[in-house]
Amino acid sequence: MSFIVRSSKYRHVFGTAFKRDACFENLQVSMSAWDTNFVTANPKYMAVNWNAGGGGAFCVVPHSEAGKLRGNFPLFTAHAGAVLDTSFSPFDDDVIASGAEDHQAMVWRVPEDLLEREEDVTQPVAVLGGHGRKVGHVAWNPVASDVLAVSSSDHTVKLWDVSRQTVGVTLQGFKDTVLSVAWSADGRQLAAASRDKKLRVFDARTGNCVQEGASHQGIKGSRVTWLSGPRLATTGFSRSSDRQVYIWDSSDLSKPLETHNLDMSAGMLMPFYDAGTQMLYVGGKGDGNIRYYEFADDKLHELSVYTSAEPQRGLGVMAKRGVDVARCEVMRFYKVASNSMVEPISFKVPRKSEAFQADIYPPAPAGVPAMSAEEFFAGKQAEPLLVDMERLFKDGPLVVGAAAGGQPVPVVKAAPVAEAKAAPEVKAAPAPVAKAASPEPVVRSVSPSPQTPPPASPPAPVRTQTQTRATAPAPAQAQAANSAELDALRAENKRLQSELAEATQSASSAQAAAQSATTQLASSRESLAQLQTELSRAQSDVQALQAEVSSASDKLNAAQAEASSAGAQVAEAGRQVDEYRRKLGEAEESMRGLQEDRERIQGELQRAIEAASELALAAEKAADAM
């Protein structure tokens with residue numbers, strides 16, 4: 001969002017979609033109107049909300065099964081309502097939580113015979129009930145094992161101890177539905193955005209709301225994510241339907257540190273933050289764009305935009321320990337490209353060297369809990385445990401928990417820190433796998449037996465964030481290491497800039513812009529349909545509005561067909577898009593007026609019915625008299 005060209009090693013990050021044979025096809029993605037990502041992933045699986053009739057379901061697919069999914073692939077089916085959100089445990093790749101419209105959250109363990117079985121998985125290991133309305137979000141604590149945040153439309157967020165299946169803390173004070181929740185990196189605080197247009201930060205141990213402030217004032221939804229340290233980022237809409245990104249100080253929510261208006265598209269914005277590279281990715285529903293920025297000095301610096309003609313319904317991200325370090329991949333998205341396909345998108349830093357690039361891969365979360373749920377609710381504080389990313393460069397993605405086949409993440413003492421004692425050895429805590437059939441939850445440990453042989457590769461150091469900062473290289477050394485690589489990249493950058501200039505001037509770029517406008521129209525139609533369902537507007541008025549949308553769409557399609565031969569027609573199409581956006585704003589105002597008219601007409605109709613009843617009674621009396 002800054003227009004000043006600045007030096008950054010992530011300046012030339014680019015996104016590339018996987019080939020078709022590496023995508024997940026033959027899926028039945030949920031058609032729920034709830035604002036959700038629809039998809040989530042870890043180094044072993046990809047999970048997607050399923051469009052199931054007569055109940056709720058989701059599907060967990062191993063990455064090895066990319067391609068067309070077989071028709072009888074097993075689903076996870078125990079919810080009585082549509083599944084709205086899923087989340088893999090950060091400490092066990094075989095454990096996943098789900099929330100649904102049946103007022104329940106559930107915790108599951110992926111069976112070992114998933115690929116061989118034909119029947120669905122119907123027995124969760126834990127059922128977390130007690131919510132008054134539908135469960136919209138589930139989020140695992142990033143530091144403590146077995147701690148799960150579950151938000152519900154009953155205006156509460158419950159923090160569960162999954163191993164005991166008990167509620168540790170309940171967060172209250174919301175005046176409307178909770179739209180998004182996010183844990184801080186140290187797991188001590190939880191931020192929540194609500195439909196009451198407020199942003200709140202809670203102390204996760206006490207349940208107290210430590211900060212509250214007015215957020216985006218638009219009528220549509222909002223989301224929140226943590227940035228580095230105490231900073232937060234939210235996405236939402238203004239009163240005039242501008243899509244916005246706010247930067248906040250979590251210790252003072254009286255006003256945002258920065259306010260950025262992006263555009264006037266109708267789709268929800270989905271923010272994702274990578275703490276290792278300090279990059280914020282913002283994708284929009286209904287369009288094919290993913291903007292990405294570098295967060296530095298409490299400001300967002302725009303890097304680039306990944307564009308695609310295929311609109312996205314939702315996005316999920318791979319955990320950092322699952323990226324391809326050997327190919328300099330810093331982020332991987334899983335894009336719901338249609339109702340039947342999920343497409344991975346890889347973001348990489350261009351480097352020619354085949355050696356490990358330590359400057360772009362600081363230590364990342366190791367997938368090892370720093371404390372148990374009991375210690376967490378007792379008030380213990382701990383930094384997240386980190387793993388040296390060079391391990392991933394040598395051994396590939398890091399699988400944790402029981403999915404690691406008995407091989408835990410090697411945890412060794414951190415390097416000594418000046419005037420401080422070395423950190424003690426930390427061992428992996430057990431993963432949450434309480435069996436639902438037992439009277440008391442049973443927890444399976446992911447720690448290996450004493451006879452388990454050590455891994456062939458050398459152990460990777462896992463250290464706390466504090467120790468990582470103490471052992472980081474000096475800025476001068478980092479600059480010297482980068483200078484040689486920057487010299488090697490100059491020629492390639494010059495060639496890429498030349499190709500970019502040519503592509504910008506080509507007719508194909510104009511065609512892609514017109515296609516993007518068409519996808520925005522499709523998103524607008526979906527938003528109108530959702531408003532129609534929620535407000536029960538009169539069918540005749542909705543049909544009239546759809547006729548206007550169809551007319552505008554025909555004009556844009558005509559502009560797209562002629563874009564390759566005349567740039568002036570593309571400009572005309574853009575003008576028509578702006579006119580349509582204005583009409584959409586007027587239509588929204590008209591819809592609100594129609595709702596008021598409908599209520600007034602219903603009242604008059606009720607009075608007319610009562611009058612008709614009286615007349616009928618009078619007629620009967622007259623007939624009797626005759």
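Residues numbered from 1 in each chain as written. Predicted model: local features only at pLDDT ≥ 70, side-chain atom pairs only at ≥ 80, totals over all residues. Heavy atoms only, no water.

Some words on the overall build of the chain
Along its length, the chain carries seven helices and 32 strands. Of the contacts formed within the chain by residues at least 6 apart in sequence, a portion of 57% connects residues at least 24 apart. Approximately 28,900 Å² of the chain is accessible, and the part contributed by carbon and sulfur atoms is 51%. (Helix = DSSP H or I, 4+ residues; strand = E, 2+ residues; numbered from the N terminus. Contact = heavy atoms within 4.5 Å. Areas by Shrake-Rupley, 256 points an atom, 1.4 Å probe, with all protein chains shown as cover.)

Regarding the nonpolar core
If you look at the biggest cluster of nonpolar residues, it comprises 54 residues, and the most contacted ones within it are Trp183, Tyr281, Phe333, Phe347 and Tyr361. Excluding residues within four positions of it along the chain, Phe347 makes contact with Val13, Phe14, Gly15, Tyr281, Ile290, Tyr292, Tyr306, Cys328, Glu329, Val330, Met331 and Phe333. Counting 33 residues, the second-largest nonpolar core is a separate cluster that includes Val29, Phe73, Ile96 and Leu114. (Core = buried A, V, L, I, M, F, W, Y, C linked by side-chain atoms within 4.5 Å. Buried < 20%, exposed > 50% of the residue type's maximum accessible area, 1.4 Å probe, protein only.)

Concerning the pattern of salt bridges
The final tally for this structure, using the stated rule, is 31 salt bridges. Residues Asp93 and Arg321 are paired through a salt bridge, measuring 2.8 Å at the closest nitrogen-oxygen approach. Of the two residues, Asp93 is situated in the loop between β7 (83-88) and β8 (95-100) and Arg321 in the loop between β27 (315-317) and β28 (329-336); the sequence distance between them amounts to 228 residues. Of the two residues, Asp93 and Arg321, both sit in the buried class. Each of the salt bridges in this network shares a partner with another, and the network as a whole consists of Asp196, Lys198, Arg200 and Glu212. (Salt bridge = Lys/Arg side-chain N within 4 Å of Asp/Glu carboxyl O.)

Notes on the sheet that holds strand β13 (residues 156-161)
With respect to topology, four strands assemble into an open sheet ordered β11-β12-β13-β14, the strand pairing being antiparallel. Only two strands of the sheet have a single neighbouring strand rather than two, namely β11 (135-140) and β14 (166-171). Within the sheet, the average angular offset between the axes of one strand and its neighbour, ignoring direction, is 25 degrees. Judged from the six bridges that link them, strand β12 (residues 147-152) and β13 form a sheet pairing that is antiparallel. Along β13, the bridge assignment pairs Ser151 with Val157. (Pairing = 2+ DSSP bridges. Axes fitted to C-alpha atoms, helices over the stretch in contact; angles between N-to-C directions.)

Digging into the sheet that holds β8
With antiparallel pairing, the four strands of this open sheet are ordered in space as β7-β8-β9-β10. The strands lining the two open edges of the sheet, one partner per strand, are β7 and β10 (126-128). Averaged over all pairs of adjacent strands, the angle between strand axes in this sheet comes to 20 degrees, irrespective of strand direction. Strand direction decides the pairing type here: β7 and β8, joined by five bridges, are antiparallel. Bridging from a neighbouring strand, Ser87 pairs with Ala97 of β8.

A word on the environment of Val245
Locating Val245 in the fold gives a position in strand β21 (residues 243-249). The buried category is assigned to Val245, whose relative accessible area is 1%.

Section: the side chain of His301
As for its placement among the helices and strands, His301 is situated in strand β26 (residues 299-306). Its relative accessible area of 11% is what places His301 among the buried residues. Side-chain polar atoms of His301 contact the backbone oxygen of Ala296, separated by 3.3 Å. (Polar contact = N/O pair within 3.5 Å; in protein donor to acceptor, adjacent residues only side chain to side chain.)

Thoughts on unusual backbone geometry
Notably, Asn26 is not glycine yet its phi reads approximately 65 degrees, a positive angle. Its place among the elements puts Asn26 in the loop between β2 (24-25) and β3 (39-41). By relative accessible area, Asn26 is classed as partly exposed at 45%. Residues other than glycine seldom take positive phi values, yet Asp146 does so here, at roughly 65 degrees.

Details of the environment of Met389
Along the chain, the position of Met389 falls in the loop between β31 (386-387) and α2 (390-395). With relative accessibility at 0%, the residue Met389 sits in the buried group. For the pair Met389 and Ile360, spaced 29 residues apart in the sequence, the C-alpha separation amounts to 9.8 Å.

So, the side chain of Arg109
Tracing the chain through its elements places Arg109 in strand β9 (residues 105-109). Accessibility expressed as a relative area gives 14% for Arg109, which makes it buried.

Here we look at the packing of aromatic side chains
Enumeration according to the criterion identifies 17 aromatic pairs in this entry. Ring centres of Phe58 and Phe76 lie 5.0 Å apart, and the angle between their planes is 15 degrees; on these two criteria the pair is classed as stacked. Residue Phe58 is found in strand β5 (residues 57-62), and its partner Phe76 is found in the loop between β6 (67-68) and β7; the two are separated by 18 residues along the sequence. A single burial state applies to Phe58 and to Phe76, both of which are buried. For the ring pair Tyr281 and Phe347, a centre distance of 5.3 Å and an interplane angle of 70 degrees mean the geometry is edge-to-face. A residue pair is termed long-range when its members are at least 10 positions apart, and Tyr281 in strand β24 (residues 279-284) and Phe347 in strand β29 (residues 342-348) qualify at 66 residues. (Phe/Tyr/Trp six-rings, centres within 6.5 Å; stacked < 30°, edge-to-face > 60°.)

A short note on the pairing of β26
In the sheet, strand β25 (residues 290-296) pairs with β26 via seven bridges, with the strands oriented antiparallel. Each bridged residue has a counterpart across the sheet, and for Tyr292 the counterpart in β26 is Ser304. The antiparallel hairpin formed by β25 and β26 contains two residues in its connecting segment, where Asp297 sits at a positive phi of about 55 degrees.

Quick word on the confidence of the model for the chain
The pLDDT averaged across the chain works out to 82; a share of 76% of its residues lies at or above 70. Below pLDDT 50 for its whole length, residues 411-478 participates in 113 contacts with residues either more than four positions away or in separate chains. (pLDDT = per-residue confidence, 0-100.)

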